[in-house]
Amino acid sequence: MLSSNKIILEALAVLKEHGIKDFVLCPGSRNAPIVHTICQTKEFRTHRATDERCAGFMALGLALATGKPAVVVVTSGSALANLYPSACEAFYQHVPVIFVSADRPQAWIGQMDGQTMPQEGALGKMVKMSASLPETDTWHANRLVNEAVLEAQYKLPYGPVHINIPLSEPIYDFTADTLPRARKIEYRETLLPLQDPWELEKDVPAEDWSNSVLILGQATPMDRLHPNILLLTSKHITVIGENLCNQETDLYTNASDIDWSKMKPVERVLTLGGHIVNKELKDFFRKNKPKEHWHISHDGAVADLFGCQTAVIKSDYAKALNDIFRDINRKSKKLELPLKESTDTNNKRTALIQELFDNIPNTSLVHLANSSTIRLAQHARLKEYFDKEKHTSRRPYIFCNRGINGIEGSISTTVGIAMAAPQHQKVFAIVGDLSFFYDQNAFWASPLPQNLHILVFNDGHGGIFNTLPVPDAPDTSRQAIMGEHNLSARHVAMLHNIRYLEGEENMHEFINSEETTILEIKENGKQKTEPKVDARRG
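These lines cover the structure that appears in this document, whether it is placed above or below. (Residues numbered from 1 in each chain as written. Predicted model: local features only at pLDDT ≥ 70, side-chain atom pairs only at ≥ 80, totals over all residues. Heavy atoms only, no water.)

Overall, the coordinates contain two cavities of 30 Å³ or more when judged by the stated rule. Taken as a whole, the largest cavity holds about 60 Å³ of empty space. Only α1 (6-17), α2 (32-39), β3 (70-74) and β6 (161-166) provide two or more residues apiece to the lining of the largest cavity. Considering each element in turn, the lining of the largest cavity owes the most residues, three residues, to α1. For the lining of the largest cavity, a count of residues per class yields 11 nonpolar, no polar and no charged. If you add up the space inside the second largest cavity, you get close to 50 Å³. Along the walls of the second largest cavity sit Leu216, Gly217, Gln218, Ala219, Asp223, Leu225, Cys245, Gln247, Leu272, Gly273 and Tyr317, which together make up its complete lining. Here the lining of the second largest cavity is composed, by residue class, of six nonpolar, four polar and one charged. (1 Å grid on protein atoms, 1.4 Å probe; cavity = no way out; pocket = protein on both sides within 12 Å on 5 of 7 lines; lining within 4 Å. Points joined across faces, edges and corners; volume = space filled by probe spheres on them. Helix = DSSP H or I, 4+ residues; strand = E, 2+ residues; numbered from the N terminus. Nonpolar A, V, L, I, M, F, W, Y, C, P; charged D, E, K, R; others polar.)

Now the structure itself:
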């Protein structure tokens, strides 16, 4: 039986009508009727997490992997506050996560009642919409939940929303048989289909784009470009990207391969997509400002990355590239980019990341932690193969929490991605030690996916801080700045009954493992090397 609360039933019924399936559930008393009703609804897929901070990032990973909104449900009080880091990441990465919080009645907030605080608007500017549902009016509740889903899933840019559900006693009344049939409000922006890009070859516009470049930022499954559209555009304009743009590697030049010291200024730069990691690229265009910088975005927001933006184009990415292609003179000559003679493969970590990419299946999903890991991974060569039947190429898909660039949530996001992926599809995380230990509660997820593989680089401190001009300081200052420690991932693996391997010589065994596995690479002599064992067996 389901909760008899009409607001709970109406809210969940609207989510069901919109095809939302994945729910990350956190324990609690006030949210118990919501959780119970979700668990008893066969159309929903449920995932459990005890740590609300981890739960938010798991929902983020689920949404990234499926391209559909994912819901996280928490109880009242400070539980909601723990979702703020994942809300920040989802907001800046434009990922549709729906945060649902149970609440006490409004009259009891601030009256010394347990687990009460003002919850509507608690996630502030990091959600596109925050709504507190009425306790009795189902029509109003229906409209608010519909509006929230439209904001998250349909209105560009995608992003997180917050639905707060105040519940009065009695809350443990379960008499309903099924969810009601709820009203679904649809959202449309156009009735016209996108023009077939192959038909655009018939147009011969006059604009000369010879001294122009198109820079592709991070792309998620929700906004990945169709390769045919990018293929036609790349015939007449130079395209620069990074591994995070998740496009076919022969359609762009990797920013890490360009010798920026020999790069010549250009007249026009177009940026499209999310964050750009390469610091040399950003430094070059900030020092050698183009005459024009057009930024293409879903929301039409200004993103003056190089300090010279002249236009912002509010558009769907595919439509924007269609329009650009129609505007390109077929006689335009692509720029020749100066390339580096060699890449940064001498770095031990870069070589190990390259070894990983060389040996994992092309269908793998990879999540990169922020800081050193993401920067080193930009130098990796990604192998592809062409599927003749589907006329598409395939390569590992790469994720990274670049929305706010925090180190928290790296493991939790990967767990969420693994939850959404089929069990035969391998999911890898590449993380540093601080990211790993910060987010170790992610392994508390139940059930923990068995397609999960975690590669940990452990040098006993935040490796990125080695590059900072920090003056010599007492040990206490160094420990605080660098986050020095003497921890091993072995003990985390033992705690959660996860297979553990140590040392780069076990990379092949790690990649081919058919169960959740942690491979730890210890560096710089900071950690004591222990014999190779399966942590579950001591």
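This next bit is on the sheet that holds strand β20 (residues 517-522). Read from one edge of the open sheet, six strands run β16-β13-β17-β18-β20-β19, paired in parallel fashion. Strands with a single pairing partner mark the edges of an open sheet, and in this sheet they are β16 (397-400) and β19 (499-502). For this sheet, the mean inter-axis angle between neighbouring strands, taken without regard to orientation, is 20°. (Pairing = 2+ DSSP bridges. Axes fitted to C-alpha atoms, helices over the stretch in contact; angles between N-to-C directions.)

Here we take up the pairing of strand β17 (residues 427-432). Of all six residues in β17, six are buried, a share of seventy percent or more. Alternating residues of β17 divide into Val427, Ala429 and Val431 and Phe428, Ile430 and Gly432, and every residue in both groups is buried. With four bridges joining them, strand β13 (residues 365-368) and β17 adopt parallel strand pairing. Across the sheet, Val366 pairs through a bridge with Phe428, a residue of β17. Handedness of the crossover is the feature at issue here: the chain leaves β17, passes through helix α12 (residues 433-438), returns alongside strand β18 (residues 452-458), and the resulting connection is right-handed. (Buried < 20%, exposed > 50% of the residue type's maximum accessible area, 1.4 Å probe, protein only. Right-handed = clockwise from strand over helix to strand, strands pointing away.)

Taken in spatial order, the six strands line up as β9-β8-β7-β10-β11-β12 in an open sheet, and their pairing is parallel. Each edge of the sheet is formed by a strand with only one pairing partner; in this case those strands are β9 (253-254) and β12 (311-314). Where strand β7 (residues 212-216) meets strand β8 (residues 238-241), three bridges bridge the pair, whose relative direction is parallel. From the neighbouring strand, Val213 faces β8, where its bridge partner is Thr238.

We now examine the environment of Arg143. Looking at the element boundaries, Arg143 is found in helix α5 (residues 138-154). Placed 42 residues apart in sequence, Arg143 and Ile185 show a C-alpha to C-alpha distance of 8.2 Å. Within polar-contact distance, the side chain of Arg143 engages the side chain of Glu147 at 2.6 Å. (Polar contact = N/O pair within 3.5 Å; in protein donor to acceptor, adjacent residues only side chain to side chain.)

Alternating residues of β13 divide into Leu365 and His367 and Val366 and Leu368, and every residue in both groups is buried. Two strands pair when backbone bridges link them, and β13 and β16 are joined in this way by four bridges, in the parallel orientation. If you follow Leu365 over to β16, its bridge partner there is Tyr397.

Attention now goes to the pattern of salt bridges. Taken as a whole and assessed by the stated rule, the structure comprises 18 salt bridges. Note that Lys155 and Glu151 form a salt bridge whose closest N and O atoms lie 3.6 Å from each other. Across the pair Lys262 and Asp259 runs a salt bridge, and its minimum N-O distance is 3.9 Å. Owing to a relative accessible area of 16%, Asp259 belongs among the buried residues under this scheme. (Salt bridge = Lys/Arg side-chain N within 4 Å of Asp/Glu carboxyl O.)

We now examine unusual backbone geometry. Residue Pro157 is reached from Leu156 by a cis peptide bond, and omega for that bond is -5°. Positionally, Pro157 belongs in the loop between α5 and β6. With an omega of -5°, the peptide bond running from Ser446 to Pro447 counts as cis. Relative to the elements of secondary structure, Pro447 occurs in the loop between α12 and β18. For Asn246, which is not a glycine, the phi torsion comes out positive at approximately 55°. On the secondary structure map, Asn246 appears in the loop between β8 and β9. Taking relative accessible area as the criterion, Asn246 reaches 0% and is therefore assigned buried. A positive phi angle is found at Ser371, which is not glycine, with a value near 80°. Summarising the element assignment, Ser371 is placed in the loop between β13 and α10 (372-377).

Before going further, it helps to examine the packing of aromatic side chains. The final tally for this structure, using the stated rule, is 10 aromatic pairs. When the centroid spacing of 5.3 Å and the interplanar angle of 45° are considered together, the rings of Phe285 and Phe306 count as tilted. In this pair, Phe285 sits in helix α7 (residues 279-287) while Phe306 sits in the loop between β11 (292-297) and β12, placing the two residues 21 residues apart along the sequence. We note that Phe285, like Phe306, is buried. Aromatic side chains Phe428 and Phe510 sit 5.9 Å apart centroid to centroid with 70° between the ring planes, which places their arrangement in the edge-to-face category. Of this pair, Phe428 sits in strand β17 while Phe510 sits in helix α15 (residues 507-511); the two residues are 82 residues apart in sequence, bridging distant segments of the chain. The same class applies to Phe428 as to Phe510, namely buried. Members of the aromatic cluster, connected to one another through ring pairs, are Trp260, Phe284, Phe285 and Phe306. (Phe/Tyr/Trp six-rings, centres within 6.5 Å; stacked < 30°, edge-to-face > 60°.)

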